[in-house]
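Letter by letter, the chains look like this.
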Amino acid sequence: MPTTDYKDYYSVLGLTKNSSADEIKKAYRRLARKYHPDMNPGNKAAETRFKEVNEAYEVLSDPEKRQKYDRFGQYWHQAGNSGWSGTTNSANNPDVSGFDFSQFASFDEFINSLLGRAAGSPGGAGSRYSYRTNQSKSPGYGGFEDFTSSSSSPGGSNLETKVTLTLSEAFHGTQRRMAGGEVSIPPGVKPGSKIRIRGQGQVDPYTQQRGDLYLIVDIQPHNFFKLDGDNLICEIPITPDELVLGASIQVPTPDGMVKMNIPPGLRSGQSLRLRGKGWPKPKGGGRGDQFVKLLVVPPDELTAREREYYQKIAANRTFNPRSSLSSITL
């Protein structure tokens, strides 16, 4: 390296000679992400800074090179370090040493992790690392998170991302804005369902073809309905007299309120079925059922007349639900 090309590598990384190896590594990761060409398309100044950052890290991350650099300054390269050329292979694949790449299949994969972008290793199976994205850095993908790369295909690596829906959105179907346009989510998707979007996955660096994107469905809990397979479960409070005498009550369903008859003599905790009021089945296969669990709820307060009637019932009651308990022993 000519002496006129001398660079203060510590200044390049915003560090001092007293900086630790961990501080050097952290500074490099931050700056490599900031100035990477993919984050600054068409910005020649950023590309130059990116190369300088990689050059500085190549020297300072290697204990032997750093020792020579600290001792000889601009003449460190002439001090016997003939194995380094002072250049990078390319903007996307610098010759970096001293970093633990064991968790990455390639340097490109490492850079992808810095950029918050899932990618498989070129020409091979994709990695399984995950990360979070936000709307400001990934326009069109707001609301999606936890991208992971899936297995590579000849046309590129597939990607997976979780999409969180309300129970209503999952029941009725909905639209979500993606980078490639609107994506239709069909009615009746369930937690763990995969929705395939062709051609929205990772670009294969060799073939320049894209894999697919898979939306993995997650559904938020509802305050009344609970999804159980193809069925919906709910709980309905009823009064003691409705349970004893039977009643006709109104019950919420996905289609609105419906009348449900409670036959007399049921027990608290028993469930009644509303056929065809459950979850939509795929490919127009109808719907599951809704199960309504009956829970007896005593009144919070009694009027004088209600208390009088309950006392009369108690005084004249012949049924003892605990009569069989007297024979139980241990």
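Residues numbered from 1 in each chain as written. Predicted model: local features only at pLDDT ≥ 70, side-chain atom pairs only at ≥ 80, totals over all residues. Heavy atoms only, no water.

Per an unreviewed UniProt entry, the protein carries the name Chaperone DnaJ protein and comes from Limnospira indica PCC 8005.

Enquirer: Teacher, can you tell me more about the layout of surface pockets here?
Expert: In this approach a probe as big as a water molecule rolls over the atoms, and the regions it shows empty are the leftover space. By volume, the second largest pocket is sized at about 800 Å³. What lines the second largest pocket is a set of 18 residues, among which Pro240, Val244, Ile313, Arg317 and Phe319 lie closest to the centre. Contributions of two or more residues to the lining of the second largest pocket are made by helix H7 (240-245) and helix H8 (304-316). Looking at the lining of the second largest pocket residue by residue, the classes come out as 11 nonpolar, three polar and four charged. (1 Å grid on protein atoms, 1.4 Å probe; cavity = no way out; pocket = protein on both sides within 12 Å on 5 of 7 lines; lining within 4 Å. Points joined across faces, edges and corners; volume = space filled by probe spheres on them. Helix = DSSP H or I, 4+ residues; strand = E, 2+ residues; numbered from the N terminus. Nonpolar A, V, L, I, M, F, W, Y, C, P; charged D, E, K, R; others polar.)

Enquirer: Sorry if this is basic, but what is going on with the packing of aromatic side chains here?
Expert: Centre distance and the angle of the planes are the two values used to describe a pair of aromatic rings. For the structure shown, the criterion picks out five aromatic pairs. Seen from their ring centres, Tyr10 and Tyr69 are 6.0 Å apart, and the 45 degrees between their planes marks the pair as tilted. In this pair, Tyr10 is assigned in helix H1 (residues 9-12) and Tyr69 in helix H4 (residues 63-72), connecting sequence segments 59 residues apart. A residue is classified by how much of its surface remains accessible, and Tyr69, at 2% relative accessible area, is buried. Measuring from centroid to centroid gives 5.5 Å for Phe171 and Trp279, while their planes differ by 70 degrees, and the two rings are edge-to-face. With a gap of 108 residues between them, Phe171 in helix H6 (residues 167-172) and Trp279 in the loop between strand S12 (271-274) and strand S13 (290-296) connect regions that are remote in the sequence. The buried category is assigned to Phe171, whose relative accessible area is 11%. Given a relative accessible area of 1%, Trp279 falls into the buried group. In this structure, Lys194 is placed above the aromatic ring of Tyr214, and the distance from its NZ or CZ to the ring centre is 6.0 Å. (Phe/Tyr/Trp six-rings, centres within 6.5 Å; stacked < 30°, edge-to-face > 60°. Buried < 20%, exposed > 50% of the residue type's maximum accessible area, 1.4 Å probe, protein only. Lys NZ or Arg CZ within 6 Å of the ring centre and 35° of its normal.)

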